[in-house]
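Now for the letters of each chain:
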Amino acid sequence: MQNNDPLPTGQQGQVPGQPEDPKLAKQRKKEEAERLKKQQQEKRRQLELTVQLNTFSKSIASSVMDIPTMLKFSANTLKTMFNMDHVAIAMFEEHPEIRSGLLCVCKGESNLPKPPKPPAQPPNPNAPKDKAEAEKKKKEDEDKDIPKPKPIFPVPPKEPPKPGTLPHLENLIWDIPLLYKMKEMKQPAVIPDASKFPDPELNKFAGMFLIKSIIFVPIILPPKEEGAEEIVEGIIALMNVNENKVLPQMELTFVQKLSQVLAKSILIAPPDLPTPIKKVITSISKDEKSDKLIDYYSDIFDDIFDMIVYEIGIDKLPEKFVKLLEEKDKIGSESMLKKIWFQINELVRSEDEQVTGIARKAIEEQYTQADEFTKYKKTSIPTGFKGLRNYVKKNLKYPELKEVKLPEGTLEGIEESIDNALRGKALFTDKAKATLVNDIEQSNMLVNYISAPSVLDFRKHIKSAIEEAGDCPEEVDKKAVLTDLTYYGMAEISKSVCQDLVEKVLFEIPEYLEQPPEKQTELSENLVTHFHRKIMSNLITGIKGKKSVWINYISEDIKQKAKEAAKKRAVLVGRIKGEQEEEEY
């Protein structure tokens, strides 16, 4: 009986026991070599992408970037890693001025050649002729915070783009149904041929800019709280215009990994600051002495935050301010520059006018201190301080001075008296012979107790009193109690000094005396508050027990003047005594 079962075969149909066909053997070896080569290429590619992803992760973690800069950096990295023609990142945002609901707005894209400069305009006949005035106007224009353009829907370009190029896509609304669906599905979308994809809006978008293939990957933020859902914050778009390109699954996985790193960074990213302030941060970070500068500014903003808490009260401060106050040390442990970034943003953009008013006064006073000290040492003002001071002076207001109308020079006169007292100049007279104010007269001058060096002495006296009191529970923070008592004690002295100075000036103004009593009281209280904050802005460092370079400078200056005064007094006393002896003789 004939057996029709197929014969058993080996590799490539080889019959066992028979020699392998040379052609089949050659083909098999070739295929095996190609498979091994492909595996090696994939391993090398995977290793290469792993290194690039790690570099990106370290860079984004160690650098202090706001979200726009972060998106641009991410887009450039993706473009390089996967050799794409263009990468753009869109974020889901609310824009009620356009329509209700979320819109997908392009916020960051890979670098493209800068658009050509517009043709030179003819000279403006109304332009300032004076060169100095023109420079001043130019500087004012540069200081202005450039408003961001409102996002717009994509419109066809006037001229079709050249093959292989893409225009700038920032601030364009990608009103593509697929992207809103991805927000719900949380899955990437690979589109090998955009012209054939069943979405008219996507076809229209791709057709405008000659895009052939697109890969969309969602940016999924991890849940902020336990039990909360993940949120798709934005969409990464990898686009090709030269050819249809589809990434293999392994590479697509790396795009998703990078998007995860970006998502975590977005959660802890510092806010987008006004342009002039961002320049300040950049100049600090790029300075050759950036480490010392960062420590310097960190101390200043910590002092300002503490002063605001004392002046307003922790229970009356905005929630954002209190939250940052609690988290600033944690942020500082990650990056001191990031902490400064958050602090500046809260001070210049707070919804509370009291916070911004104190911030402006404190920054102006600290700038004056820095200016005095650097002139004395013949050095330059700390990098970025001038820009910061100019911004707050221009954009932040004093709420307590809104309704204050006084004769010209009134406020400046009180300012000068306080400045003299802070710097110990009230201890001396302007007379040529008697340079020191009489000792008895000094003891009756409350204004002398607000001099910068006297704060440290005041703190020492309170510390001694606390130590003498003895019985203090172990859980009590003695240092914090000491600072609290010093602040509130100096605050009472400061307010008394300001009340005295303000009343002396106001009682000489006829218009003030003609006002109703409640108006007089209101004006007096507003002025006292304003000048009190000026004093405390200068003294807060000493109140906390720290000797700043400015306090040391003022202390040395007073000592030097006191030595000279003592010599003159000795000479004067000797002359008087000699004259008395001659008369007796």
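For the structure, check the block above.
Below is a summary of the structure that appears in this document. (Residues numbered from 1 in each chain as written. Predicted model: local features only at pLDDT ≥ 70, side-chain atom pairs only at ≥ 80, totals over all residues. Heavy atoms only, no water.)

So, on to the overall build of the protein. A count of helical and extended segments in the protein gives 19 helices and 5 strands. The buried share among the 585 residues of the protein stands at 39%. Across the protein, contacts joining residues at least 24 apart in sequence account for 71% of those joining residues at least 6 apart. By element, 53% of the accessible surface of the protein is carried by carbon and sulfur atoms, the whole surface being about 35,400 Å². (Helix = DSSP H or I, 4+ residues; strand = E, 2+ residues; numbered from the N terminus. Buried < 20%, exposed > 50% of the residue type's maximum accessible area, 1.4 Å probe, protein only. Contact = heavy atoms within 4.5 Å. Areas by Shrake-Rupley, 256 points an atom, 1.4 Å probe, with all protein chains shown as cover.)

Moving on: helix H1 (residues 22-62). With 41 residues, H1 should cover 60 Å at 1.5 Å per step; its first-to-last C-alpha distance of 60 Å lies within 8% of that length. Those residues of H1 that fall on the buried side of the exposure criterion are Ala25, Arg45, Leu49, Leu53, Phe56 and Ile60. On its buried face, H1 is in contact with helix H2 (67-82) and helix H6 (249-267). (Expected span 1.5 Å × (residues − 1).)

Here, the word disulfide means a covalent bond between the sulfur atoms of two cysteines. Overall, the coordinates contain 0 disulfides when judged by the stated rule. Cysteine 104 takes part in no disulfide bond, and the closest cysteine sulfur, belonging to cysteine 106, lies 8.5 Å away. Overall, cysteine 104 belongs to the buried group, its relative accessible area being 0%. Accessibility expressed as a relative area gives 0% for cysteine 106, which makes it buried. (Disulfide = S-S within 2.5 Å.)

What follows is about the sheet that holds strand S4 (residues 213-221). A sheet is described by the order of its strands in space; here 5 strands give the open sequence S2-S1-S5-S4-S3, paired in antiparallel fashion. Each of the sheet's edge strands pairs with one partner strand only, and the pair in question is strand S2 (102-109) and strand S3 (189-191). Within this sheet the neighbouring strands show an average axis-to-axis angle of 25°, counted without direction. Both S4 and strand S5 (residues 231-240) contribute to a ladder of 9 bridges, which runs antiparallel. Residue pairing across strands places leucine 221 opposite isoleucine 231, the latter belonging to S5. Seen against the sheet, H6 touches strand S1 (86-94), S3, S4 and S5 and runs at an angle of roughly 40° to S4. (Pairing = 2+ DSSP bridges. Axes fitted to C-alpha atoms, helices over the stretch in contact; angles between N-to-C directions.)

On the surface, Lys460, Lys547, Lys559, Lys563 and Lys567 cluster together to form a positively charged patch. With 3 residues, the top contributor of residues to the positive patch is helix H19 (residues 549-584). By the secondary structure assignment, lysine 563 is in helix H19. Judged by relative accessible area, which is 55%, lysine 563 ranks as exposed. (Patch = residues over 30% accessible without salt bridge, like charges linked within 9 Å, V, L, I, M, F, W, Y side chains within 5 Å. Salt bridge = Lys/Arg side-chain N within 4 Å of Asp/Glu carboxyl O. Lys, Arg positive; Asp, Glu negative; His and termini not counted. Charge placed at Lys NZ, Arg CZ, Asp CG, Glu CD.)

If you look at the biggest cluster of nonpolar residues, it comprises 72 residues, and the most contacted ones within it are Phe301, Ile308 and Leu347. With 12 residues, helix H8 (residues 290-312) is the largest single contributor of residues to this core. Here isoleucine 308 is in contact with Gly313, Leu317, Phe321, Leu347, Val355 and Ile358, once residues within four sequence places are set aside. Leu178, Met182, Ala189 and Ala206 belong to the second largest nonpolar core, which has 33 residues in total. (Core = buried A, V, L, I, M, F, W, Y, C linked by side-chain atoms within 4.5 Å.)

Attention shifts here to the packing of helix H11 (residues 353-377) against helix H18 (residues 517-543). Their axes nearest at 9 Å, the elements H11 and H18 cross at an angle of 55°. One element, H11, and the other, H18, form an angle in the oblique class. Here H11 runs over H18; the crossing is right-handed. Here Gln354, Ile358, Lys361, Ala362, Glu365, Gln366 and Gln369 of H11 lie close against H18, whose contacting residues are His530, Arg533, Lys534, Ser537, Asn538 and Thr541. (Parallel < 35°, antiparallel > 145°, perpendicular 65-115°, else oblique. Left-handed = near helix turned anticlockwise from the far one by under 90°.)

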